[in-house]
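Take a look at the letters that make up each chain.
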Amino acid sequence: MKKSIRIFSILTLIGCSSAFGQTPNAFERPNILCILVDDLGYGDLSIQGALDMNTPEIDNLAKQGLTFTNFYANSTVCSPSRASLLTGKYPDMVGVPGVIRQIPEDNWGNLSDESLLISEVLKENGYATAMVGKWHLGLQNPDTPNKKGFGLFKGFLGDMMDDYWTHRRGGINWMRHNETEVDPKGHATDIFTDWAIEYLNDQKNASRPFFLYLAYNAPHFPIQPPQEWLQKVIERDSNISEKRAKNVALIEHLDYNIGRIMQVLKESGLDKNTLVVFTSDNGGALRFAQSNDPLRGGKQDMYEGGIRVPTFFYWKNKIKPNTRTHNLALLMDLFPTFCKVAGIDPPANIDGINLLPSLLGNPQITDDRYVFWVRREGWHYGGKAYYAARYKDFKLVQNTPYAPLEIYNLKNDPYEEQPLTPTEVALYEDLRFQLQNHIRKSGAVPWQ
């Protein structure tokens, strides 16, 4: 049975102090917009160093807010990272160590019925809750957005789309408006943006704050930008490869749509009290010419390029513009952070930590903890799991289930070029033990 959630009444709100030293009420609590993109490489934004790409809208979001230079997805692939973002826990602690798929033989996760999502917490504490876009945490009840605290769902239940224009996966249409199958026309990135804008416009004069989780499929493969966007890239750079040009165009098209969202927030006045988070579920896929420069590796790797992701927080008049922090943070930290932003005490049994002090520019130590990454998969992985673990600057890596453990000092070797020997690192055995203990605990959670 789920732990009971403290529901705020108006009297309770009036009697407590907010994180900003003011007295909040139901109408002052901030809106929360969490934008999650899919497979965005660490180096695939112009503000992140991409010289062949123009992403002014996302760049502007970063310039007006706070950049986390050491922000991580909780896994090297989609479903586990999404599970961590929404539950505040390690993915294998909520039954999602791998990718959830519609074919049973290719399925490596099942969201625990005991899991408690941030949408449920916020909804029971007076927030309107909505999700637009890619769900990827279950295809039928009770593992669907409407059963997990989202009052509105307009999006795609499945994993990747086989085509951005037809929105099918293995011939099945997973597009839904709540629990009703729908078949919209157009590019998925445009459709999800249209739906998000429709929701934001509905919230202009609402009497309660909202939580909108906007999860794009882009720039996940298949790399299918609209033709006019691809043509612009080719005309700009005649020497660019076709594969790279398609990826650049798909991301620039995504960037344009992020700009549409931010323009609506501004024009409606919602931006005056809305926390906006932009992040990705894992690194870019190297075989599709996505870039994680200057980091090593990419999607599916436990090296930095597979798990460190571009992440920006914008909150007008709360977060100081054009600031950066090197504090360690993960997707699972968003759950308790959103709780604190909303004036709610996070559940005691989550794994993430509250990042609000960092957002407000206050000193915060975030790396004095052991953190872990996991992914279980079939194919050449043989149904086995592989892991990484970190404490402060030291990172333990097993990049496939059959690879040996490696350990790096990320402070001295940020690109993971020189693995240390176990005897060189006093922390080596401790990190191994902590990872072993995590694996033992997660073994009690069913995922099939």
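Definitions and limits used
Residues numbered from 1 in each chain as written. Predicted model: local features only at pLDDT ≥ 70, side-chain atom pairs only at ≥ 80, totals over all residues. Heavy atoms only, no water. Helix = DSSP H or I, 4+ residues; strand = E, 2+ residues; numbered from the N terminus. Rg over C-alpha atoms; globule rule 2.2 N^0.38 Å. Buried < 20%, exposed > 50% of the residue type's maximum accessible area, 1.4 Å probe, protein only. Contact = heavy atoms within 4.5 Å. Areas by Shrake-Rupley, 256 points an atom, 1.4 Å probe, with all protein chains shown as cover. Pairing = 2+ DSSP bridges. Axes fitted to C-alpha atoms, helices over the stretch in contact; angles between N-to-C directions. Expected span 1.5 Å × (residues − 1). Core = buried A, V, L, I, M, F, W, Y, C linked by side-chain atoms within 4.5 Å. Polar contact = N/O pair within 3.5 Å; in protein donor to acceptor, adjacent residues only side chain to side chain. Phe/Tyr/Trp six-rings, centres within 6.5 Å; stacked < 30°, edge-to-face > 60°.

Participant: Any chance you could explain the overall build of the protein chain here in plain terms?
Facilitator: The number of helices and strands found in the protein chain is 11 helices and 16 strands. A globule of 448 residues ought to have a C-alpha radius of gyration of about 22 Å, and the protein chain, at 21 Å, matches this closely. Reported as C-alpha extents along the three principal axes, the dimensions of the protein chain are approximately 60 × 55 × 45 Å. Looking at the protein chain as a whole, 60% of its 448 residues are labelled buried. Relative to all contacts within the protein chain whose residues are 6 or more apart in sequence, the contacts with residues 24 or more apart total 66%. If you sum the accessible surface of the protein chain, you get close to 17,800 Å²; carbon and sulfur atoms cover 49% of it.

Participant: Would you explain the side chain of threonine 67 in this entry?
Facilitator: On the secondary structure map, threonine 67 appears in strand S2 (residues 66-72). When its relative accessible area of 6% is taken as the criterion, threonine 67 is described as buried. With residues up to four places along the chain from it excluded, the contact list for threonine 67 reads Ala62, Thr311, Phe312, Thr323, Arg324 and Thr325.

Participant: Please clarify how the sheet that holds strand S16 (residues 406-409) should be interpreted in this entry.
Facilitator: Working definition: the strands of a sheet are paired by backbone hydrogen bonds and lie parallel or antiparallel to each other. Overall, antiparallel pairing links the four strands, which are arranged S13-S14-S15-S16 in an open sheet. Each of the sheet's edge strands pairs with one partner strand only, and the pair in question is strand S13 (370-376) and S16. On average, adjacent strands in this sheet sit at an angle of 15° to one another, irrespective of strand direction. Alignment of S13 against strand S14 (residues 385-391), held across seven bridges, turns out to be antiparallel. Residue pairing for S14: tryptophan 373 is matched across the bridge by alanine 388. Running at roughly 130° to S14, helix H11 (residues 428-442) makes contact with S13, S14, strand S15 (394-397) and S16 of the sheet.

Participant: Explain helix H5 (residues 188-202) here, please?
Facilitator: Since the α-helix advances by 3.6 residues per turn, residues separated by three or four positions end up pointing in the same direction. End to end, H5 covers 21 Å across 15 residues, agreeing with the expected 21 Å (1.5 Å per residue, within 8%). Among the residues of H5, Ala188, Thr189, Ile191, Phe192, Thr193, Trp195, Ala196, Ile197, Tyr199 and Leu200 are the ones counted as buried.

Participant: Teacher, can you tell me more about the nonpolar core here?
Facilitator: Nonpolar side chains in soluble globular proteins generally cluster together in the buried interior. With 103 residues, the main nonpolar core has Phe192, Phe211, Tyr213, Phe278 and Phe313 as its most contacted residues. With 11 residues, the top contributor of residues to this core is helix H7 (residues 242-268). In this structure tyrosine 213 touches Cys34, Leu36, Arg82, Leu85, Leu86, Ala130, Met131, Val132 and Phe150, once residues within four positions along its chain are discounted.

Participant: Before we go on, may I ask you to explain the pairing of S16 in this structure?
Facilitator: For a regular strand, side-chain orientation follows a simple rule: the groups alternate between the two sheet faces. Residues Glu406 and Tyr408 point to one face of S16 and Ile407 and Asn409 to the other, with burial holding for every one of them. One ladder, built from four bridges, connects S15 with S16; its direction is antiparallel. Note that in S16 the partner of lysine 395 across the bridge is tyrosine 408.

Participant: It is not clear to me how the side chain of threonine 87 should be interpreted in this structure. Could you clarify?
Facilitator: With respect to the element layout, threonine 87 can be found in helix H3 (residues 78-87). For threonine 87, a relative accessible area of 2% gives the class buried. From its side chain, threonine 87 meets the backbone oxygen of alanine 83 in a polar contact 2.7 Å long. Excluding residues that lie within four positions of it along the chain, threonine 87 makes contacts with Val94, Ser115, Leu116, Leu117, Phe335 and Ile350.

Participant: So what exactly am I meant to see when it comes to the sheet that holds strand S7 (residues 175-177) here?
Facilitator: Overall, mixed pairing links the 10 strands, which are arranged S8-S7-S4-S3-S9-S1-S10-S11-S2-S12 in an open sheet. Sheet topology places strand S8 (180-181) and strand S12 (323-330) at the edges, where each strand pairs with a single neighbour. Across five bridges, the pairing between strand S1 (residues 31-37) and strand S9 (residues 210-215) is parallel. Residue pairing for S9: isoleucine 35 is matched across the bridge by leucine 214. Lying on the sheet, H3 is in contact with S1, strand S3 (128-134) and S9; it crosses S9 at an angle near 170°.

Participant: Which parts of the structure should I look at to understand the packing of aromatic side chains?
Facilitator: Note on aromatic pairs: each is described by the distance of the centres and the angle between the planes. One pass over the full model with this rule turns up 18 aromatic pairs. Between phenylalanine 68 and phenylalanine 71, the ring centres sit 5.8 Å apart and the planes meet at 85°, which makes this aromatic pair edge-to-face. Accessibility expressed as a relative area gives 0% for phenylalanine 71, which makes it buried. On the basis of an interplanar angle of 20° and a centroid distance of 4.5 Å, the ring pair of phenylalanine 221 and phenylalanine 288 is categorised as stacked.

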